[in-house]
Amino acid sequence: MSLLPRTAEEFSSAEYWERFFKKRGEKAFEWYGDYNKLCGVLHKYIKPRDKVLVVGCGNSELSEQLYDVGYRHLTNIDISETVVNHMNQKNAKQRPDLTFQKVDATQTPYEDGSYQAVLDKGTLDAMASQEGALAGRMLAEVGRVLGIGGRYVCVTLAQESVIKLAVEHFIQVGWAVRLHCLGDPESQEVSSFALPVFVLVCTKFRQPMPMPILEMCQGEDGDPVRLPVVADLLSVVRERQAYAMLRQRLRTGTDSTSTPSLTLCHAPTGRPRYTLTVQDCPPGAKVPRANHFAIFIVPQGRETDWLYGLDEGRGQLAASANFRRLVVVALHREQEYTDMQAVQSELSPMVMELAPPGMPANQKVPFLSVGGELGWREVVSHGTSDLSGQYSVEDVRGEDGQLYRRLVFLGNDGLVQSESRLTNPAAAAASSQKNKKSRRKAKPSAPPPMTTPSQTPGGALEVDKGYLCCAHHRVMVAGLAMLGVGTDHNKDVPVSVLLVGLGGGGLPQFLRDFVPGARVEVVELDPAVLEVAQGWFGFTPDDRLTVTLGDGLEHINNIEREGGHQYDVIMFDVDSKDPSLGMSCPPPAFVETAFLERVGNLLTSRGVFMLNLVCRDSALKKSVLGRVRGVFPRVLFRGIEGEVNEVLLCSRGTGETGVPPSLLKAGKTLQVALGMNSSRAVTCIPQIDITELLEDLNVA
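Residues numbered from 1 in each chain as written. Predicted model: local features only at pLDDT ≥ 70, side-chain atom pairs only at ≥ 80, totals over all residues. Heavy atoms only, no water.

1. Quick word on the packing of helix α17 (residues 552-562) against helix α18 (residues 593-601)
Alright, step 1. Orientation of α17 relative to α18, taken along the N-to-C sense of each, is 55 degrees, at an axis distance of 10 Å. By the angle class used here, α17 and α18 are oblique. By crossing handedness, the relation of α17 to α18 is classed as left-handed. Listed contacts from α18 to Gly 552, Leu 553, Ile 556, Asn 557 and Glu 560 of α17 are Phe 595, Arg 598, Val 599 and Asn 601.
Alright, step 2. Among the residues forming the contact of α17 with α18, the class breakdown is four nonpolar, three polar and two charged. (Axes fitted to C-alpha atoms, helices over the stretch in contact; angles between N-to-C directions. Helix = DSSP H or I, 4+ residues; strand = E, 2+ residues; numbered from the N terminus. Parallel < 35°, antiparallel > 145°, perpendicular 65-115°, else oblique. Left-handed = near helix turned anticlockwise from the far one by under 90°. Contact = heavy atoms within 4.5 Å. Nonpolar A, V, L, I, M, F, W, Y, C, P; charged D, E, K, R; others polar.)

Take a look at the structure:
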């Protein structure tokens, strides 16, 4: 619309508003909503007997409507002579006590403390456009003309620079500050105003408050939530604005190429409670006419699964559900959820605002889930690593009904850094023979009861050290067949392993417990990870399983420089701390040619280098593979189904152009050797199919 300011500076220009009101004529302009939208919050803070100064009144009908319901002490000021004359003429007969004056809000002629309220509808936003100079003078004037107990009531879009300026101003002078979010403006005339309308209420005290009072309310009657600092208030405002913009976007169309998400927080605590991700069906998809909209509740603890945690997986989930729009809802840790019905009741008012355009008003919206349940999760420990930030150790119920323990880094999109299956030793003993040959796709079908609590080490539940949850760990173990482990030729020959990256300790513990003659040295950078592995994942170092705390790069450089030490296997299973690189495992320095040469120098003549590679950047991945092949002539690899991971098995052997047929035979021998080396309790039987893992190897 040509009557709206083209630049921010025009908001505070007297010349602009003169042109604006002359062009607009007598038609009222309801800036940020009309009386019907605002009356609830205005009546709450401004009483009919109050003497009220309305700054920047324009030709809004708000003052007239307040006058008509009993507010008879209104003084309206504006910098536009045109609008002042018009409003005086309009109200001279019908509202003789309603006055309009041409006054600059930054320098008014009124006495100190002469008003009980100052009402501002959009004027602060206009004033603050010139680096806050005008707004600062107006706010000082507001403070001067208001009496003790008086309130500055400001209707605003709460642009961050504007609201920050006002809130900090009043906090510094010891006023109480409260902000109401009223939602979207109802006027459809200005379609660009998709942002919600806020009402800022600042109350003047006789003595400045010793501690800042900052409160946020949802709606006109929402309970106030106390916030400690201005930055927290600004964060809440941004969240409300982001939600309004998202809702506006979703109301106007569908887009299968975009998967917007938002987080809903628990109002009393401000903690995240739900994360909603919107997945639209692609154009041309054959969707039943009645399938407009559905909500899918992700079971607790499963939000990082490929099907729910990645765009590709959610796209497959949406295609299977076959609705025009599917909202995928993840439940957050350290929140309590009673049952599916309670979650549905809590979410329904909010998610219905995300419905696709054109959905009938009375359309029933189904809530979908896996088996109609919310899943189960218990946080058993949490802490903060100086290197990786906050982490959580939690027990969850998997899709197979079994219990699993996970180490999750909260600052990296909820990355599951390690996972181990939990077992009940007494139950396992009763069915040891049955489980001895178990495989991942044939897990025991009877899970522990939902009421079984997770226990600290030594309690009812223990980590199953014979089961590797991570598929890339199983591939690395299968890669030991390249060494000929377990064959007559290598009988009683020790296997020396250097592993960079401990995680929960499942892989090195498995190697130590089940690989004949294995001596494992682990290098881990983060002391907190070692502490968690020992405290919660059953990791038990001894003379055959040692840990060095330090940088893996420096460690390898040092031992290569010193000489005299070689390994049969060197494994890299270390993540990058920089998510912007396109390669999350390993850090780039680990796959530079010079460093790979040092790794090769540390391998024995039969040695194998194993690399867990997680790279989404195809060009970067091609470069890494080229460097690896430049150092190791023989490179086999296996991808992990449903994941980005690829495991590279590298050696300096020559003469083989493909996957050698003898490798499968060596794998069968390794399988037998792993089982024979187990002299432990029945709960620690190795559960791995070496042959199956080797069958899918390819030449890189």
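2. Considering the pairing of strand β18 (residues 415-423)
Alright, step 1. Note: strand β17 (residues 403-409) against β18, six bridges, orientation antiparallel. Across the sheet, Leu 407 pairs through a bridge with Ser 418, a residue of β18.
Alright, step 2. Relative to strand β19 (residues 462-463), β18 is paired through two bridges, and the arrangement is antiparallel. Opposite Leu 422, over in β19, you have Val 463 as the bridge partner. (Pairing = 2+ DSSP bridges.)

3. A word on unusual backbone geometry
Alright, step 1. Of the consecutive residues Cys 585 and Pro 586, the connecting peptide bond is found in the cis state with omega at -5 degrees.
Alright, step 2. One can find Pro 586 in the loop between β24 (583-585) and α18.
Alright, step 3. Its identity as a non-glycine residue notwithstanding, Ala 158 has a phi of 60 degrees, on the positive side.
Alright, step 4. Position of Ala 158 relative to the elements: it lies in the loop between β5 (146-156) and α7 (160-172).
Alright, step 5. Ala 158 sits in the buried class, given a relative accessible area of 0%.
Alright, step 6. Its identity is not glycine, yet Asn 322 carries a phi of approximately 65 degrees, on the positive side.
Alright, step 7. Counting through the fold element by element, Asn 322 comes out in the loop between α10 (311-321) and β13 (325-331).
Alright, step 8. By relative accessible area, Asn 322 is classed as partly exposed at 24%. (Buried < 20%, exposed > 50% of the residue type's maximum accessible area, 1.4 Å probe, protein only.)

4. So, the sheet that holds strand β12 (residues 293-297)
Alright, step 1. The five strands are arranged β10-β11-β13-β12-β14 in an open sheet whose pairing can be described as mixed. The open sheet has two free edges, formed respectively by β10 (261-265) and β14 (367-368), since each of these has just one partner strand.
Alright, step 2. Looking at chain direction, β12 and β13 are connected through five bridges and run parallel. Note that in β13 the partner of Ile 295 across the bridge is Val 327.
Alright, step 3. On top of the sheet, helix α8 (residues 230-252) reaches β10, β11 (272-280) and β13; it is set at about 135 degrees to β10, its chief contact.
Alright, step 4. Sitting on the sheet, helix α11 (residues 340-351) touches β10, β11, β12, β13 and β14, and the angle it makes with β11 is about 65 degrees.

Remember, this is a structural readout, not a statement about activity or role.
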